[in-house]
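# Commentary on secondary and tertiary structure
Okay, here's what each chain looks like letter by letter:
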Amino acid sequence: MSAVNLSGDVDCPVVPHLNSGCGFPAPNAEIFFLEPYATLNVAGMDFLIGKTSIIAALVSMIVAVFFLAAARPRKMVPGKLQSIGEQAYLFVRDQIAREVIGKDGDRFVPFLGSLFFFIWISNLMGVIPGAQFPIMSSLAFPVSLTLMVYITYLYLGMKHQGPIKFFTSAMFPPGVPKAMYGLLAPLELLQLVVTRPVTQAIRLFANMFAGHLLITTFTVGAYYLISPSIVGVLGSATSFGVTIILTGFEMFIQGLQAFIFTLLTAVYIGGSLHAEH
Amino acid sequence: MKANGANFPTPEDTRATADMAWRSVSNITAGLLLYGGIGWLLGRKFGHQDAFMAAGLIFGIVLALYLTYARVSAMDRNTTTSERRNDQQ
């Protein structure tokens, strides 16, 4: 972790203790801006090599190597690795692609599967000791994933419905009196072009951001309070217990958010393939 | 919203329902941004900035909720007719 003085006081250590007389170092947004280890200058652009980019590279490698290894032998009687790989693939295919898009969702399973497992494993990095940083809490990651999803969505929509019909069918909803279109069409256009992708990115980002902040707060609290007194022992133990509970809860949220992001992607892709009524 | 004999929801139904649920969030955000923004601009031009912006925000939410309501009722009508058709067969 980078040397950020959480209490903001020059004389205080990075994570002070109650006895040092420093105030409680409530973690803030600064804990998400990690110092880079090195800077690479490629073609006039600075690439920062830090914890975030290393975890991102590691996660993509883990996911890629796992699925390549699981798919390589392809025996009739599957081994352990192949069964897990097949289960993972079938989960995305049956629970997300076929459930939401239908039969023609099968060709999107590679995309949806990559999204789901990349997001899930990188979220899990938030609680895995050593890494303990959910990279989706850096806004750039959810935003770039959302851009991929959104470009796919727009391209498919315009290809299958025609560029004009794609926008008009979203802007002029059925079941609304024609007089209301003047007020509602701009709202729907804004929804389609701006708030839909923005909410998809922010939902993932904010969940990971808030979860990491909460866990950090209680972890720091457990250290800050610990002392040989009743308040110290009870306060520290409670804080530590809450950290454990929150970690479990956070793991649930991590899987859930990866699922929701992928589900929304499938919903959008399905919507672009089939015209609205 | 196709009737497929049995009462299982088709992928199209699932997608439409899920889309509706998630869309309402983006719709309300869009309503707040758009009409709140228009209210803010009007307020800059005519004074009473806070009043115009508050009116715009409320108007935006009301419109977004109305839109959600209209879309859901349209969906509901489709489902009901297809179910009725099923019963008659």
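Residues numbered from 1 in each chain as written. Chains lettered and ligands numbered in written order. Predicted model: local features only at pLDDT ≥ 70, side-chain atom pairs only at ≥ 80, totals over all residues. Heavy atoms only, no water.

### Considerations on the interface of chain A and chain B
- The interface of chain A with chain B comprises 33 residues on the first partner and 28 residues on the second.
- In total, chain A and chain B occlude about 2,600 Å² of area from one another, counting both sides; carbon and sulfur atoms represent 66% of this.
- At the junction of chain A and chain B, the tally comes to three salt bridges.
- D19 of chain B is the salt-bridge partner of R196 of chain A, the closest N and O atoms lying 3.7 Å from each other.
- Taken together, the links from chain A to chain B amount to five residue pairs in polar contact (both at pLDDT 80 or more).
- Counting residues per element, the ones that place at least two in the side of chain A that touches chain B are helix 2 (80–101), helix 6 (181–225) and helix 7 (230–273) of chain A.
- Ranked by the residues each element gives to the side of chain A that touches chain B, the list is headed by helix 6 of chain A, at 11 residues. (Contact = heavy atoms within 4.5 Å. Buried area = accessible area lost by both parts, 1.4 Å probe. Salt bridge = Lys/Arg side-chain N within 4 Å of Asp/Glu carboxyl O. Polar contact = N/O pair within 3.5 Å; in protein donor to acceptor, adjacent residues only side chain to side chain. Helix = DSSP H or I, 4+ residues; strand = E, 2+ residues; numbered from the N terminus.)

### Description of the nonpolar core
- Counting 52 residues, the largest nonpolar core has L112 and I119 of chain A as the members making the most contacts within it.
- Going through the elements one at a time, helix 1 (51–71), helix 2, helix 3 (109–124), helix 4 (140–161), helix 5 (163–171), helix 6 and helix 7 of chain A are the ones with two or more residues in this core.
- At 12 residues, the largest contribution of residues to this core is made by helix 7 of chain A.
- If we ignore the near neighbours within four places in the chain, the residues touching L112 of chain A are V92, I96, A97, I101, T262, T265 and A266 of chain A.
- Counting residues in hydrophobic clusters, the runner-up holds 11 residues, among them Y181, L184 and L190 of chain A together with Y35 of chain B. (Core = buried A, V, L, I, M, F, W, Y, C linked by side-chain atoms within 4.5 Å. Buried < 20%, exposed > 50% of the residue type's maximum accessible area, 1.4 Å probe, protein only.)

### Brief notes about the side chain of T68 of chain B
Residue and element names in this part refer to chain B.
- Here T68 lies in helix 2 (residues 49–88).
- The exposure class of T68 is buried, given its relative accessible area of 15%.
- Polar side-chain contacts of T68 include one of 2.9 Å to the backbone oxygen of A64.
- The residues touching T68, leaving out its near neighbours within four places in the chain, are M20, S24 and N27.

### Observations regarding the confidence of the model for chain B
- Residues of chain B with pLDDT of at least 70 account for 76%, and the chain-wide mean is 79.
- For this predicted complex, the interface confidence score (ipTM) comes to 0.74, while the overall pTM stands at 0.85. (pLDDT = per-residue confidence, 0-100.)

### Some thoughts on unusual backbone geometry
- Positive phi, close to 45 degrees, is recorded for Q132 of chain A, a residue that is not glycine.
- Structurally, Q132 of chain A is set in the loop between helix 3 and helix 4.

### Observations regarding the pairing of strand 2 (residues 45–49) of chain A
All names here are of chain A.
- Examined bridge by bridge, strand 1 (residues 38–42) and strand 2 share five bridges and lie antiparallel to one another. If you follow V42 over to strand 2, its bridge partner there is M45.
- What sits between the antiparallel neighbours strand 1 and strand 2 is a turn of two residues, in which A43 has the positive phi angle 50 degrees. (Pairing = 2+ DSSP bridges.)

### Brief notes about the pattern of salt bridges
- One pass over the full model with this rule turns up six salt bridges over all chains.
- When the shortest N-O distance is used, the salt bridge between E188 of chain A and R23 of chain B registers 3.4 Å. Of this pair, E188 of chain A sits in helix 6 while R23 of chain B sits in helix 1 (residues 11–46), each in a different chain. With respect to class, E188 of chain A is no different from R23 of chain B; both count as buried.
- The partner of R71 of chain B in a salt bridge is E188 of chain A, with the nearest N and O atoms 2.7 Å apart. Taken together, the positions of R71 of chain B in helix 2 and E188 of chain A in helix 6 put the pair across two chains.

### Details of the packing of helix 6 of chain A against helix 1 of chain B
- Viewed as axis vectors pointing N to C, helix 6 of chain A and helix 1 of chain B meet at an angle of 110 degrees, and their least axial separation amounts to 7 Å. Our classification of the angle between helix 6 of chain A and helix 1 of chain B gives roughly perpendicular. In this structure, helix 6 of chain A crosses over helix 1 of chain B, and the sense of that crossing is right-handed. When helix 6 of chain A is examined against helix 1 of chain B, the residues L183, P186, L187, E188, L190, Q191, T195, R196, T199 and R203 of chain A are found in contact with a partner set consisting of D19, W22, R23, V25, S26, N27, T29, A30, G31, L33, L34 and Y35 of chain B. (Axes fitted to C-alpha atoms, helices over the stretch in contact; angles between N-to-C directions. Parallel < 35°, antiparallel > 145°, perpendicular 65-115°, else oblique. Left-handed = near helix turned anticlockwise from the far one by under 90°.)

### Observations concerning the packing of helix 4 of chain A against helix 7 of chain A
Residue and element names in this part refer to chain A.
- Where helix 4 contacts helix 7, the two axes come as close as 7 Å, and the packing angle between them is 15 degrees. In terms of axis orientation, helix 4 runs roughly parallel to helix 7. Crossing geometry of helix 4 relative to helix 7 is assigned as right-handed. Seen from helix 4, the contacting residues are L145, T146, V149, Y153, L156, G157, H160 and Q161; seen from helix 7, they are F261, T265, Y268, I269, G271, S272 and L273.
- Of the residues assigned to the contact of helix 4 with helix 7, the class counts are eight nonpolar, seven polar and no charged. (Nonpolar A, V, L, I, M, F, W, Y, C, P; charged D, E, K, R; others polar.)

### Here we look at helix 4 of chain A
All names here are of chain A.
- Look at helix 4: 31 Å from first C-alpha to last across 22 residues, which is about the 32 Å you get at 1.5 Å a residue.
- Those residues of helix 4 lying buried are P142, L145, T146, V149, Y150, Y153, L156, G157 and Q161. Buried positions in helix 4, seen along its axis, are confined to an arc of 135 degrees and lie on one side of it. Every exposed residue of helix 4 that faces more than 90 degrees away from the buried side is listed here: A140, I151, Y155 and K159.
- Those residues of helix 4 that are buried lie in contact with helix 3, helix 5, helix 6 and helix 7.
- Just downstream of helix 4, G162 is the residue with a positive phi angle, here 85 degrees. (Expected span 1.5 Å × (residues − 1). Arc of directions from axis to C-beta.)

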